Amino acid sequence: MNAALEQRVLDLVSESEIVSLTTALVAAAGENPGGTEEATVKVLRDFCLAAGLAVSEDTVAPGRPNFTAVLPGGGQPGVLFLGHSDVVPAGTGWEQPPFEPYVRNARLFGRGSTDMKGGLAAVVIALKALKDAGADLPGNAALVCTVDEEDLGIGIRAFTAAAQADPSFSYSACVVAEPTDLETVIGCRGDSYIELKITGKSAHSGRPADGRNAIDAAAKILDLVREDHARLQADQAPLLGAGSWNAGLIQGGTGTSMVAAECTVSLDRRLMPDEDAQLILDKLRARISEAGIDSDGVSVEAEVTMEMPGFLTPGTHPLVLNSVSSLADVGVESAINGWTAACDGGFIVRDLGVPAIVMGPGGLNDQAHQVNESVSIAELVAAARAYALMCLRHTWS
């Protein structure tokens with residue numbers, strides 16, 4: 001460990017620079033749904049080019065580019081930082097316009113400041129500090145910024161598919177820079193969306209026996225879902241809890257005086273790290289058939305429309321210990337914890353075999369997706385410094 005180099009890198013992390021970059025990223029907006037991440041990527045590209053980093057883009061959909069910035073190192077497996085360029089819709093009720101960021105009481109306000117423009121800025125500033133200090137890393141240090149994380153995850157799927165086909169892809173650690181209040185999160189539940197379309201037969205409500213009520217059939221399916229949810233809650237894992245079901249949307253029928261011929265249900269199924277959404281759907285379909293719900297004129301179509309895998313990294317893994325010690329050396333006592341939310345890190349673990357943690361500035365529960373979202377400037381600086389130390393201290397093997 002080169003203490004002089006580490007101190008030189010830490011000294012090069014500029015508070016004013018990280019505030020300026022975060023401000024520009026927040027102002028670039030990128031609400032999703034909407035497909036408007038391109039402006040955020042332009043801010044990243046321009047800054048990274050000026051910093052002397054190698055950059056590349058991969059257009060996933062029109063106007064929606066994945067972005068990569070690399071500080072080149074030697075041939076050893078490197079450190080991959082992961083983030084996303086989209087933000088959730090701002091909504092109403094803000095004290096000031098959500099995409100006109102401002103600083104007050106040592107916090108930077110604006111939609112995306114916590115989730116996760118601040119994390120992106122912290123990574124980029126860390127890479128710049130390493131380059132400016134002349135750090136000679138044995139492997140690459142890189143930021144991958146994907147599109148569409150807040151909706152269907154087309155960006156991370158495109159990235160992992162390309163990485164699987166790229167023989168030069170070589171990383172042995174992934175840090176997802178999502179907001180964790182600088183806790184070191186070693187595991188996340190995954191998430192999936194299951195869409196059901198139930199079809200029956202219309203009839204006059206005065207003679208309901210002439211029809212087949214799709215809403216009634218949906219209600220029976222939801223009874224099965226509730227039963228399974230209760231079963232899951234009875235088996236809680238120490239760090240991540242349990243998988244869960246939630247019925248988020250239901251639509252059906254065309255009139256009160258008619259037997260409903262159609263009903264659609266959208267289910268959210270949170271996943272434990274070892275669960276597969278398609279297998280879960282297969283089991284639900286089997287229970288639907290066993291209960292006789294999809295018979296006697298009623299049919300049920302079902303599909304998984306989104307899946308985000310969970311992951312769990314051992315608490316003794318060198319990546320975890322590196323995060324905790326690096327944060328400690330910049331004045332942050334970082335707890336090791338789990339996350340109830342999902343993130344793109346599960347794709348990196350499942351599809352690329354790279355261990356991951358989540359660690360970044362900002363609060364998931366009190367700031368992300370909230371009106372008047374903000375991030376602590378002190379956390380931004382601490383995150384950038386810890387990221388830089390993690391790169392210097394990574395076990396490059």
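Up top is the structure.
Rules used in this analysis
- Residues numbered from 1 in each chain as written.
- Predicted model: local features only at pLDDT ≥ 70, side-chain atom pairs only at ≥ 80, totals over all residues.
- Heavy atoms only, no water.
- Helix = DSSP H or I, 4+ residues; strand = E, 2+ residues; numbered from the N terminus.
- Contact = heavy atoms within 4.5 Å.
- Buried < 20%, exposed > 50% of the residue type's maximum accessible area, 1.4 Å probe, protein only.
- Core = buried A, V, L, I, M, F, W, Y, C linked by side-chain atoms within 4.5 Å.

A. Structural context of the side chain of Thr313. Topologically, Thr313 is positioned in the loop between strand E13 (311-312) and helix H8 (318-328). Leaving out residues up to four positions away in the same chain, Thr313 has contacts with Ile186, Val320, Pro355 and Ala356.

B. A look at unusual backbone geometry. The omega torsion across Asn32 and Pro33 is 10°, close enough to zero to call that bond cis. With respect to the element layout, Pro33 can be found in the loop between helix H2 (15-27) and helix H3 (38-50). Residue Asp115 is joined to Met116 through a cis peptide bond whose omega torsion reads -10°. Looking at where Met116 falls in the secondary structure, it is placed in helix H4 (residues 113-132). Despite not being glycine, His369 shows a phi value in the positive range, around 70°. The partly exposed category is assigned to His369, whose relative accessible area is 41%.

C. Up close: the nonpolar core. Ranked by size, the top nonpolar core spans 63 residues in total, and within it Ile18, Leu130, Met359 and Tyr387 carry the most contacts. Among the elements that line this core, the one with the most residues is helix H10 (residues 377-393), at 13 residues. The residues touching Leu130, leaving out its near neighbours within four places in the chain, are Val9, Leu71, Ala135, Leu137, Ala388, Cys391 and Leu392.

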